[in-house]
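This is what each chain is made of:
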2 protein chains.
Amino acid sequence: MTAKGYGTKHSFTDLKPVQFEREEAGAHDVEIEVLFCGVCHSDIHQVKNEWSNTVYPCVPGHEIVGRVRKVGAHVKAHAVGDLVGVGCMIDSCRTCDPCRGGEENYCESPNSWLATYNGPMVPAKEADGQNIYGRDNTFGGYSDVVVVNEDFVLAIPAGLAPEAAAPILCAGVTTWSPLKEWGVKAGDKVGVLGFGGLGHMAAKLAKALGAEVTVFTRDKEKLEEAQRLGVTGVLEDDDKALEKLANSFDFILSTVPEKHDVNPFVELLKRDSTLCVVGALEPLKPIDNQALAFHRKRVAGSLIGSLAETREVLAFCAEHGIAPDIEIIPIQQINEAYKKVEKADVRFRYVIDMASLKDEKSDFGSI
Amino acid sequence: MTAKGYGTKHSFTDLKPVQFEREEAGAHDVEIEVLFCGVCHSDIHQVKNEWSNTVYPCVPGHEIVGRVRKVGAHVKAHAVGDLVGVGCMIDSCRTCDPCRGGEENYCESPNSWLATYNGPMVPAKEADGQNIYGRDNTFGGYSDVVVVNEDFVLAIPAGLAPEAAAPILCAGVTTWSPLKEWGVKAGDKVGVLGFGGLGHMAAKLAKALGAEVTVFTRDKEKLEEAQRLGVTGVLEDDDKALEKLANSFDFILSTVPEKHDVNPFVELLKRDSTLCVVGALEPLKPIDNQALAFHRKRVAGSLIGSLAETREVLAFCAEHGIAPDIEIIPIQQINEAYKKVEKADVRFRYVIDMASLKDEKSDFGSI
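Here, residues in each chain are numbered from 1, in the same order as that chain's written sequence. By the order in which they are written, chains take letters starting at A while ligands take numbers starting at 1. Two thresholds apply to this predicted model, a pLDDT of at least 70 for residue-level local features and 80 or more for giving and counting side-chain atom pairs, whereas whole-chain, interface and lining totals are computed over all residues. Heavy atoms from the whole structure form the basis of all side-chain values; hydrogens and water molecules are not counted.

### Some remarks on the overall build of chain A
Formally: Think of it this way: any DSSP run of H or I at least four residues long counts as a helix, any run of E at least two long counts as a strand, and we number them from the N terminus. Computation of the radius of gyration draws on C-alpha atoms, with the globule rule given as 2.2 Å multiplied by the number of residues to the power 0.38. Using a 1.4 Å probe on the protein chains alone, a residue whose accessible area is under 20% of its type maximum counts as buried, one over 50% counts as exposed, and one in between counts as partly exposed. Here the open area of atoms and residues is found with the Shrake-Rupley method and a 1.4 Å probe, where only the protein chains shown may cover a residue. When charges are counted, neither His nor the chain ends are considered; positive counts come from Lys and Arg and negative counts from Asp and Glu. Lys charges are placed at NZ, Arg charges at CZ, Asp charges at CG and Glu charges at CD.
Counting its regular elements, chain A contains eleven helices and 18 strands. Taking 21 Å as the expected radius of gyration for a compact globule of 367 residues, we find that chain A reaches 20 Å, a close match to that expectation. For chain A, the spread of C-alpha atoms along the three principal axes comes to 60 × 45 × 40 Å. Every one of the 367 residues in chain A was classed for burial, and the buried ones make up 60%. Of the roughly 14,300 Å² of accessible surface on chain A, a fraction of 46% belongs to carbon and sulfur atoms. Once the 39 positive and 54 negative side-chain charges of chain A are each reduced to a mean point, those two points are 3 Å apart.

### Quick look at the relation of the copies chain B and chain A
Stated precisely, the cut-off is as follows: For this overlay, a least-squares fit was computed on C-alpha atoms, restricted to residues scoring pLDDT of at least 70 in both copies.
Of the transformation placing chain B onto chain A, the axial shift is 0.0 Å and the rotation is 180°, giving an RMSD of 0.0 Å. Such values leave the two copies arranged in the relation of a two-fold axis. Using C-alpha coordinates, one finds that chain B approaches the rotation axis most closely at B:Pro286, a distance of 2.1 Å.

### Section: the environment of B:Gly81
Residues and elements named next belong to chain B. Quick note on the threshold: Only heavy atoms matter for contacts: two residues are in contact if any of them lie within 4.5 Å across the pair.
Tracing the backbone through its elements, the reader meets Gly-81 in the loop between β4 (64-71) and β5 (83-86). Taking the relative accessible area as the measure of exposure, Gly-81 reaches 34% and is therefore partly exposed. Between the C-alpha atom of Gly-81 and that of Val-68, which follows or precedes it by 13 residues, the distance is 5.1 Å. Those residues in contact with Gly-81 that sit more than four places away from it in its chain are Arg-67 and Val-68.

### Things to note about the packing of helix α5 (residues 197-208) of chain A against helix α10 (residues 307-320) of chain A
Residue and element names in this part refer to chain A. The test is simple: Think of each axis as a best-fit line through the C-alpha atoms, taken over the contacting stretch in the case of a helix, with angles from 0 to 180 degrees between the N-to-C directions. The scheme is simple: roughly parallel for angles under 35 degrees, roughly antiparallel for over 145, roughly perpendicular for 65 to 115, oblique for anything else. It is the rotation of the near helix from the far one that decides the hand of a crossing: anticlockwise by less than a right angle makes it left-handed, clockwise makes it right-handed. In this count, Pro and Cys sit with the nonpolar residues alongside Ala, Val, Leu, Ile, Met, Phe, Trp and Tyr, while Asp, Glu, Lys and Arg are called charged and the others, Gly among them, polar.
Where α5 meets α10, the axes come as close as 11 Å, and the angle between the chain directions of the two elements is 70°. Taken together, the axes of α5 and α10 lie roughly perpendicular to each other. For the element pair α5 and α10, the recorded crossing hand is left-handed. Contact residues: Met-201, Leu-205 and Ala-208 in α5; Val-313, Phe-316, Cys-317 and His-320 in α10. Considering only residue class, the contact of α5 with α10 consists of six nonpolar, one polar and no charged.

### What about the interface of chain B and chain A?
We apply this condition: Each of two parts loses accessible area, computed with a 1.4 Å probe, when they are put together; buried area is these two losses added. Any carboxyl oxygen of Asp or Glu that lies within 4 Å of a side-chain nitrogen of Lys or Arg is treated as forming a salt bridge with it. Polar contacts here mean pairs of N or O atoms no more than 3.5 Å apart (in protein, one a potential hydrogen donor and the other a potential acceptor; neighbouring residues in sequence count only if both atoms are side-chain atoms). Pairing between strands is defined by DSSP: at least two bridges between them are needed.
In this complex, chain B contributes 34 residues to the contact, which on the side of chain A involves 34 residues. For the pairing of chain B and chain A, the buried interface totals around 3,200 Å² over both sides, and the portion due to carbon and sulfur atoms is 55%. For chain B, the biggest contributors to the area lost against chain A are B:Arg271, B:Phe294 and B:Arg296; these three give 22% of the whole. For the pair chain B and chain A, the interface holds ten salt bridges. Between chain B and chain A we count 19 residue pairs in polar contact (both at pLDDT 80 or more) in total. Considering each element in turn, the side of chain B that touches chain A owes the most residues, five residues, to helix α9 (residues 289-294) of chain B. Its residues placed into classes, the side of chain B that touches chain A shows 17 nonpolar, six polar and eleven charged. Here strand β15 (residues 298-301) of chain A runs beside strand β15 (residues 298-301) of chain B; their pairing, made up of three bridges, is antiparallel. Along β15(B), the bridge assignment pairs A:Arg298 with B:Ala300.

### With respect to the pairing of strand β3 (residues 29-38) of chain A
All names here are of chain A. Of all ten residues making up β3, eight are buried, and the element is well covered by its neighbours. Looking at chain direction, β3 and strand β8 (residues 145-149) are connected through five bridges and run antiparallel. For Glu-33, the partnering residue across the bridge sits in β8 and is Val-145. With seven bridges joining them, β3 and strand β4 (residues 64-71) adopt antiparallel strand pairing. Bridging across to β4, Ile-32 finds its partner in Val-68. Here β3 pairs with strand β17 (residues 349-353) via three bridges, running antiparallel. Residue pairing across strands places Cys-37 opposite Ile-352, the latter belonging to β17.

### Some remarks on the domain arrangement of chain A
Often, the extent of an interface is quoted as the loss of accessible area on bringing the components together. All names here are of chain A. For the record, the criterion: Bear in mind that the domain bounds are from an automatic or database domain assignment.
Here chain A is partitioned into domain 1 (2-170 + 305-366) and domain 2 (172-301). Centre-to-centre, using C-alpha coordinates, domain 1 lies 27 Å away from domain 2. Domain 1 puts 24 residues into the contact, and the matching count from domain 2 is 25 residues. Carbon and sulfur atoms make up 60% of the area that domain 1 and domain 2 hide from each other, which totals about 2,200 Å². Taken as a group, Phe-316, Arg-347 and Phe-348 account for 28% of the area that domain 1 buries against domain 2, more than any other trio of residues on that side. Remark: the boundary between domain 1 and domain 2 carries five salt bridges. The residue Lys-204 makes a salt bridge to Asp-325 at a minimum N-O spacing of 2.7 Å. One can count 13 residue pairs in polar contact (both at pLDDT 80 or more) joining domain 1 with domain 2. If you list the elements that add at least two residues to the side of domain 1 that touches domain 2, you get α1 (41-47) and α10. A per-element tally of the side of domain 1 that touches domain 2 places α10 first, with seven residues. Grouping the constituent residues of the side of domain 1 that touches domain 2 by class yields 13 nonpolar, six polar and five charged.

### Brief notes about the state of the cysteines
Selection criterion: Here, the term disulfide refers to a pair of cysteine sulfur atoms separated by no more than 2.5 Å.
Enumeration over the complete set of coordinates arrives at zero disulfides over all chains. Not part of a disulfide, A:Cys170 finds its nearest cysteine sulfur in A:Cys88, a span of 3.8 Å. In this structure B:Cys107 is a free cysteine whose sulfur lies 3.7 Å from that of B:Cys93, the closest cysteine sulfur available. Accessibility expressed as a relative area gives 3% for B:Cys107, which makes it buried.

### Some points on the packing of aromatic side chains
Note the threshold: Between the rings of Phe, Tyr and Trp (Trp by its six-membered ring), a pair exists once the centres lie within 6.5 Å; its type follows the angle of the planes, with under 30 degrees stacked, over 60 edge-to-face, and the other angles tilted. Here, a charge over a ring means that NZ of Lys or CZ of Arg falls within 6 Å of the ring centre while also lying within 35 degrees of the ring normal.
Counted according to the given criterion, the structure contains twelve aromatic pairs over all chains. Judged by centre distance (4.9 Å) and plane angle (45°), the rings of B:Phe195 and B:Phe348 are tilted. Highlighted residues: B:Phe195 in the loop between β10 (189-193) and α5 (197-208) and B:Phe348 in the loop between α11 (334-342) and β17 (349-353), separated in sequence by 153 residues. Relative accessible area serves as the criterion here: at 3%, B:Phe195 is assigned to the buried category. Exposure remark for B:Phe348: the relative accessible area of 1% places this residue in the buried category. Through pairs of rings, three or more aromatic residues link up here, namely A:Phe216, A:Phe249 and A:Phe265. Here A:Lys189 stacks its cationic end above the ring of A:Phe249, 5.0 Å away from the centre of that ring.

### So, α11(B)
Residue and element names in this part refer to chain B. Applied cut-off: The directions from the helix axis to the C-beta atoms are what the arc is built from.
Buried residues of α11: Ile-334, Asn-335, Ala-337, Tyr-338 and Val-341, and no others. Each buried residue of α11 lies within a common arc of 155° when the element is viewed along its axis, so the set occupies one face. Considering only its buried residues, α11 is in contact with β1 (2-7), α1 (41-47), β16 (326-330) and β17. In the stretch just after α11, Ala-344 is the one whose phi turns positive, near 60°.

Structure (structure tokens):
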């Protein structure tokens with residue numbers, strides 16, 4: 001099947017209209033017409049090879065909401081016409097401990113889980129040549145159609161607008177998972193470092209869990225946004241404000257999507273509490289073990305979320321009327337949008353209206 | 001009361017015989033004739049001002065075992081003639097949450113706890129001028145006598161030799177506390193990074209808890225020591241061996257007493273498991289958040305242990321016949337011993353026989 005979308009063959013070029021082949025839906029697969037796809041900061045890291053692991057050609061997009069157009073003979077969970085979503089994963093080994101325990105996002109197979117785009121998380125060359133998925137690359141949701149195994153297709157609950165549901169599939173579950181793992185509950189004081197796509201979802205989710213939320217941002221203008229969301233906003237470099245908050249937080253989530261210094265925020269944790277980093281995948285600036293040791297504090301990482309957690313956060317958002325704040329763009333504005341995301345100049349998540357692909361005036365080049 | 005001991009007025013001089021004044025025992029204090037004092041790597045850091053917080057003059061020593069010589073009028077817990085110990089703390093605020101919860105080592109008063117030497121953990125100048133202990137400096141166990149509030153004096157259980165009990169008061173409890181906090185139990189796979197004073201106690205304690213213990217050392221000769229202790233020894237830089245151990249440990253304790261790279265050992269943790277740093281108080285080399293995030297791993301710090309934990313580990317050692325491997329030295333060899341500790345050339349803890357002070361031939365200078 002020929003798919004159309006936006007992609008690139010190189011780290012140094014913009015995304016362009018492309019066409020490429022997708023496999024037809026097998027007996028257990030679902031063919032989905034993509035309606036909306038969120039723009040994640042990871043997409044930019046990946047397109048530009050900033051994690052040094054991009055497989056080209058690259059068609060990004062892992063916050064996909066669409067309509068089921070066709071189902072394989074054995075598909076039971078989904079029917080033609082259903083509104084469904086696909087997040088960061090489209091398969092996992094299903095046999096390792098985490099997979100059997102419902103934590104596919106920590107799949108311990110040689111290739112880890114199969115990412116929605118950019119192929120298996122651990123490519124064959126880093127897995128002693130093994131390739132349990134038989135695929136070297138995968139193409140994401142910046143396209144008109146995706147074909148996904150039914151187990152990794154998620155029903156979108158009634159009450160969630162499709163365009164607003166899209167960012168929940170990555171930004172939502174990536175912040176939800178650690179909030180649940182570290183047991184955030186009503187009355188807890190929760191800090192959110194970074195106030196972008198992930199950060200604003202973290203703030204909304206933690207607030208709906210009953211926590212008292214403070215967001216830390218480097219952008220003065222976003223202090224008003226915090227107020228609008230009903231949470232406290234503090235400038236990251238306001239040392240006096242930070243000093244007053246020392247040893248007061250039950251949990252802090254860092255959503256900053258690049259190397260950063262967590263030490264000033266470790267200081268804000270209560271004894272025995274955790275700062276969890278979900279935004280950055282690179283090495284952190286050196287952590288001061290004195291600050292950890294003196295109050296037995298912890299620094300942890302967390303990676304997206306499981307299928308079960310994704311269903312849970314979708315249901316939670318539907319129930320509590322939580323939706324990300326989005327700006328809808330046509331795919332033709334994607335390169336401009338990337339520049340704005342890099343400058344943190346978006347409130348708070350771009351979502352591509354994939355119907356715009358039909359208006360494309362340039363040729364769809366082969367990939 | 002005039003006390004004699006070994007101390008220094010500067011970071012650049014050796015320890016020398018000194019005499020200094022100690023307060024007489026008050027109604028709640030115990031006067032202890034020091035029999036033995038362990039030599040902790042912290043003593044060296046402190047004497048040389050390597051943590052930039054040393055208050056001079058400095059008389060180190062916080063692994064003290066001695067005989068009660070005198071008790072204040074209201075002392076109930078100890079009697080003249082008792083064999084007792086004093087560890088890293090000689091007081092705490094007793095009113096903050098951690099103190100009331102029996103975790104004095106995390107005292108949250110403005111001055112934190114009162115260290116056995118080098119005064120309050122947080123000096124007045126860093127506590128907005130506050131000084132709840134009314135003392136700017138304290139003098140440790142490299143001396144003939146100490147005077148300590150009865151609550152911070154620990155009974156040494158029958159069955160523990162006094163010289164062997166000394167290192168349990170710091171090296172023992174500092175490793176015991178995190179083993180208990182992170183729930184190490186029979187059958188767990190425990191890694192110990194660094195195989196010195198703390199490391200060898202961690203290995204013995206974890207083994208007695210039923211864990212399968214691996215120690216990581218940079219010293220080939222210590223592999224035999226590991227064998228003698230009945231634990232597995234692996235060279236820190238044996239990449240092939242480390243590779244085979246990936247994702248296999250339930251808990252790893254780093255006892256390396258200086259800045260080091262924990263990343264190769266984070267790789268060895270199982271999903272959701274913790275590497276706890278007790279040896280170093282300085283910033284760690286940058287932590288790779290990718291390694292943390294991909295298996296939701298955690299890095300934590302832990303600081304010595306509480307009074308209750310100290311009693312617990314003393315009892316555990318007595319019950320299981322665990323004692324540190326020590327080399328007894330006269331105080332006159334302390335400067336040479338420091339050099340050997342810095343080269344990790346000790347099996348595994350120096351303990352000073354304080355009776356040697358009586359043989360001192362040099363004058364005891366004023367401090």
